[in-house]
Amino acid sequence: MSAAPDPVPVAVLGAGAIGGVVARALHAGEVPGARLVGVVHADPEDPPGLPVLGADEAIERAELVVECAGQRALAVLGPKVVARGRDLLVASVGALTDPGLWDSLDGGPGRLLLCTGAVGGLDLLRAAAAMGPLEHVHIETTKRASSLVQDWMGEDEAAELRTTEQRRELMNGPARKVASSFPKSANVAASVALAAGDWDVVSAAVVADPEAGLTSHVITARGAAGEYRFEIRNHPSELTPTTSGVVPHAVLRAVAGRTGATGVFV
Ligand SMILES: NC(=O)c1ccc[n+]([C@@H]2O[C@H](COP(=O)([O-])OP(=O)(O)OC[C@H]3O[C@@H](n4cnc5c(N)ncnc54)[C@H](O)[C@@H]3O)[C@@H](O)[C@H]2O)c1
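Residues numbered from 1 in each chain as written. Predicted model: local features only at pLDDT ≥ 70, side-chain atom pairs only at ≥ 80, totals over all residues. Heavy atoms only, no water.

> Help me understand the UniProt feature "domain: Aspartate/homoserine dehydrogenase NAD-binding" (unreviewed entry) in the protein chain in this model?
As recorded in UniProt, the sites labelled "domain: Aspartate/homoserine dehydrogenase NAD-binding" (unreviewed entry) are residues 14-105. Helix makes up 39% of residues 14-105 and strand makes up 16%, while its end C-alpha atoms are separated by 18 Å. (UniProt positions renumbered as here; feature names shortened; annotations may be inferred. Helix = DSSP H or I, 4+ residues; strand = E, 2+ residues; numbered from the N terminus.)

> What is the right way to look at the pattern of salt bridges in this model?
Side chains that differ in charge, positive against negative, can pair when their charged atoms come close. This structure, assessed with the given rule, holds 11 salt bridges. Linking Arg-111 and Asp-87 is a salt bridge whose minimum nitrogen-to-oxygen distance equals 3.2 Å. On the criterion of sequence distance, the pair formed by Arg-111 in the loop between α4 (99-106) and β5 (112-114) and Asp-87 in strand β4 (residues 87-90) is long-range, its members being 24 residues apart. For Asp-87, a relative accessible area of 8% gives the class buried. Residue Glu-157 pairs with Arg-168 through a salt bridge whose shortest N-O separation is 3.7 Å. Within this pair, whereas Glu-157 is found in helix α6 (residues 155-163), its partner Arg-168 is found in strand β7 (residues 168-174), the two being separated by 11 residues in sequence. Judged by its relative accessible area of 25%, Glu-157 falls in the partly exposed class. One connected set of salt bridges, linked through shared partners, spans Glu-60, Arg-84 and Arg-86. (Salt bridge = Lys/Arg side-chain N within 4 Å of Asp/Glu carboxyl O. Buried < 20%, exposed > 50% of the residue type's maximum accessible area, 1.4 Å probe, protein only.)

> Explanation requested: the UniProt feature "domain: Aspartate dehydrogenase" (unreviewed entry) in the protein chain in the structure shown.
UniProt tags residues 166-251 as "domain: Aspartate dehydrogenase" (unreviewed entry). Counted over residues 166-251, helix gives 26% and strand 38%. Its end C-alpha atoms are 34 Å apart.

> Would you take a moment to explain the packing of helix α3 (residues 71-83) against α4 for this structure?
For any two helices packed against each other, one specifies the inter-axial angle together with the distance between the axes. Put simply, α3 and α4 touch, their axes get as near as 8 Å, and they point 25° apart. Taken together, the axes of α3 and α4 are roughly parallel relative to one another. Together, Leu-74, Ala-75, Gly-78, Pro-79 and Val-82 of α3 and Leu-101, Ser-104 and Leu-105 of α4 make up the contact between the two elements. Per-class residue counts for the contact of α3 with α4 are 6 nonpolar, 2 polar and no charged. (Axes fitted to C-alpha atoms, helices over the stretch in contact; angles between N-to-C directions. Parallel < 35°, antiparallel > 145°, perpendicular 65-115°, else oblique. Contact = heavy atoms within 4.5 Å. Nonpolar A, V, L, I, M, F, W, Y, C, P; charged D, E, K, R; others polar.)

> Can you walk me through the packing of helix α5 (residues 122-131) against helix α8 (residues 187-196) in this structure?
Here α5 crosses α8 at 35°, and the two axes come no closer than 7 Å. Facing α5, whose interface residues are Leu-122, Leu-125, Arg-126 and Ala-129, α8 presents Ser-191, Val-192, Leu-194, Ala-195 and Ala-196. Of the residues belonging to the contact of α5 with α8, the class tally is 7 nonpolar, 1 polar and 1 charged.

> Any chance you could explain the pairing of strand β6 (residues 134-144) here in plain terms?
Sheet faces and side chains relate simply in a regular strand, where the side chains alternate between the two faces. With 8 bridges connecting them, β6 and strand β9 (residues 215-223) associate as antiparallel partners. Looking across to β9, one finds that His-136 is bridged to Arg-222. In this structure, β6 lies alongside strand β8 (residues 202-209), joined through 8 bridges in parallel fashion. From the neighbouring strand, Thr-141 faces β8, where its bridge partner is Val-206. (Pairing = 2+ DSSP bridges.)

> Help me understand the packing of aromatic side chains in this model?
Centre-to-centre distance and the angle between the planes together describe a pair of aromatic rings. Under the definition given, this model contains 2 aromatic pairs. Ring geometry for Trp-152 and Phe-182: centres 5.6 Å apart, planes at 80°, overall edge-to-face. Residue Trp-152 is found in the loop between β6 and α6, and its partner Phe-182 is found in the loop between α7 (175-181) and α8; the two are separated by 30 residues along the sequence. On the basis of relative accessible area, Phe-182 is assigned to the buried category, the value being 0%. On the numbers, 6.4 Å between centres and 5° between planes, the contact of Tyr-228 with Phe-230 is stacked. The pair formed by Tyr-228 and Phe-230 is uniform in burial state, with each residue classed as buried. The ring centre of Trp-199 lies 4.6 Å from the NZ or CZ of Arg-176, which sits over that ring. (Phe/Tyr/Trp six-rings, centres within 6.5 Å; stacked < 30°, edge-to-face > 60°. Lys NZ or Arg CZ within 6 Å of the ring centre and 35° of its normal.)

In structure tokens form, the structure reads like this:
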């Protein structure tokens, strides 16, 4: 009988609502075939009980680097990861609206891997787009209004969102614009566009709802392969309302797929 292969060394960028959960599960050995080498973060205090590394050392020691640190951090660190030949699993998919960043991450030698994150149905959309062009794809995201405040909003709009009692559409337009305008909340618009394989065919809307207990994403698509409608309703993370609680588990599932688990959907 041959010996089991050594576990894949994994580094996690970000130790927040997503990265903290991912790193703890990896550190506890919950993903077969993977072991945590360390987390890289920018918080005032180190996360308790986890090994912390600088970015350069993490990239050096890992074979797989899992980004859970946000769009800006991905733009800075991601190109170094793939240039060093490490595989990069991305949670902040919305950063890929920038064609220059896409080119620098997709050029290897490390592989660029995208996490499905808060949504599902991307596998089927990809297959449908491969069969024939999609004519129309739309994603509508509805979140708790107070969690949708952005830096680019004026003070009045931000204050209104924090206290509003009215449901209101904040933006409706090309997926590229929506994903970059809501960097913590509309990564999914970019995920849908990348699955559809055509940014221009995908539109997105963000709706603020003061009553929204769950975060919802409704994806509709039509094309040669058929007509699709996926509705996803996620509980927000207990750690932050901008992230859904399921996202770190989607990241862990993706790590397991990369590190040799069998019987998994790919
Ligand atoms: N694909 C999806 O469905 C989906 C869903 C939710 C969030 N996201 C993305 O995941 C990101 C992380 O979400 P979160 O809720 O865990 O955020 P968070 O704010 O709770 O945590 C972010 C972590 O990243 C670290 N960080 C920030 N800049 C860094 C840098 N330059 N180098 C190293 N570490 C850095 C912070 O210190 C913190 O530990 C979001 O910014 C968002 O873009 C994706």
